[in-house]
Structure formats: C-alpha cells, structure tokens
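# Observations on the three-dimensional arrangement
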Amino acid sequence: MSEEETCPLCGRVLGTVNIDRHHLIPKTYKGKEQFPIHKICHRKIHSTLSERELHHSYHTWEALRAHEDIQAFIAWVANKPPGFHTRTFTSNSKKQRR
Ligand SMILES: [Zn+2]
Ligand SMILES: [Zn+2]
C-alpha cells in the first residue's frame, strides 16, 4: 500500500485518484500491455496524438516524452498534486485576464 508508483509520462507519484491505464500499443493494434498513468496525462496523450501516430511513432514513453506538446504539458503538470485533474489544458497558458 505504501508503494510509490510513479507515472511513466510525467514521473510524479501516481497517488490513488484519477488513474487511468494506457496501452502503449493501442488496443486497435492488439496491444495488451497496460500501464497505470494519471488520468490527466492519459488524456493529454490522446488529445495530442492519434492512435495511428501512437502506433507508428509513439509507442515508447521516451518518444512520448520527447514530443514537444507533451514536454510542455509535463513541465506544466510537474507541480500539481497527484490527484489533480482538469478537463482543459492549454499548452501556451498565456494569462488572458484583464
Ligand atoms: Zn502523470
Ligand atoms: Zn491510452
């Protein structure tokens, strides 16, 4: 129970809430291996890349983490608590308040 599992995408501790599983090889392509990952990180992967791209070029965590948008996301999420979740993430979070 005290196992500190970390997220393969962002490297933060997984925590106990808002956890998903990601298939590095999409189910459509007969991928079977699943990895626990933050829901928010998972969402980011799928909003950034199509299953085709995932299958062809982004079937390793290294490749995913090297993606420009995902790098920005990782930097952004780095200081958030493990269970943090939001529906929207904008990679260029310019403050638009006036
Ligand atoms: Zn994560
Ligand atoms: Zn997934």
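Read on for a plain summary of the structure.

This part is about the packing of aromatic side chains. Evaluated as defined, the whole model comprises three aromatic pairs. Where F73 meets W76, the ring centres are 6.0 Å apart and the plane angle is 40°; that geometry is what we call tilted. Of this pair, F73 and W76 both sit in helix α4 (residues 68-77), three residues apart, which is roughly one turn of that helix. F73 sits in the buried class, given a relative accessible area of 0%. Note on W76 and F84: the rings are 5.9 Å apart at their centroids and 65° apart in plane angle, and the pair reads as edge-to-face. According to the relative accessible area criterion, F84 is partly exposed, its value standing at 25%. Among the aromatic residues, ring-to-ring pairing joins F73, W76 and F84 into one connected group. Here K80 stacks its cationic end above the ring of W76, 4.6 Å away from the centre of that ring. The ring centre of F84 lies 5.8 Å from the NZ or CZ of K80, which sits over that ring.

Only C7 (SG), C10 (SG), H38 (ND1) and C41 (SG) from the protein reach the zinc ion (ligand 1) as donors, at distances of 2.0 to 2.4 Å. Taken together, the four donor atoms coordinating the zinc ion (ligand 1) span angles of 97 to 120° at the metal, a pattern that classifies the geometry as tetrahedral. In primary-sequence terms, the residues that donate to the zinc ion (ligand 1) follow C-x2-C-x27-H-x2-C. Taken together, the residues C7 in the segment before β1 (19-23) and C41 in helix α1 (residues 39-48) connect sequence positions 34 residues apart. A relative accessible area of 3% places C7 in the buried class.

Here the focus is α4. Taken together, the buried positions of α4 are occupied by I70, F73, I74 and V77. The buried residues of α4 occupy one face: seen down the axis, they fall within an arc of 100°. Along α4, exposed side chains directed more than 90 degrees from the buried face belong to E68 and A75. Where α4 is buried, its residues meet α1 and α3 (61-66).

Next up on the list: unusual backbone geometry. Glycine aside, residues mostly have negative phi, and peptide bonds are mostly found in the trans state. You will see that N18, though not glycine, has its phi angle at about 55°, which is positive. Along the chain, N18 falls in the segment before β1.

With that settled, consider the nonpolar core. The biggest cluster of nonpolar side chains holds 19 residues, and the ones touching the most others in it are L9, C41 and L64. Counting only elements with at least two residues in this core, the list comes to α1, α3 and α4. For this core, the leading source of residues is α4, giving four residues. Look past the residues within four positions of L64 in its chain and what remains in contact with it is L9, H22, L24, I45, L49, L54, Y58 and I70.

Criteria and cut-off values
Residues numbered from 1 in each chain as written. Chains lettered and ligands numbered in written order. Predicted model: local features only at pLDDT ≥ 70, side-chain atom pairs only at ≥ 80, totals over all residues. Heavy atoms only, no water. Phe/Tyr/Trp six-rings, centres within 6.5 Å; stacked < 30°, edge-to-face > 60°. Helix = DSSP H or I, 4+ residues; strand = E, 2+ residues; numbered from the N terminus. Buried < 20%, exposed > 50% of the residue type's maximum accessible area, 1.4 Å probe, protein only. Lys NZ or Arg CZ within 6 Å of the ring centre and 35° of its normal. Donors = N, O, S within 2.8 Å, 3.2 Å for Na, K, Ca; no water. Tetrahedral: all angles 85-135°; square planar, octahedral: opposite > 155°, others 65-115°. Arc of directions from axis to C-beta. Contact = heavy atoms within 4.5 Å. Core = buried A, V, L, I, M, F, W, Y, C linked by side-chain atoms within 4.5 Å.

Nothing here speaks to function; it is geometry throughout.
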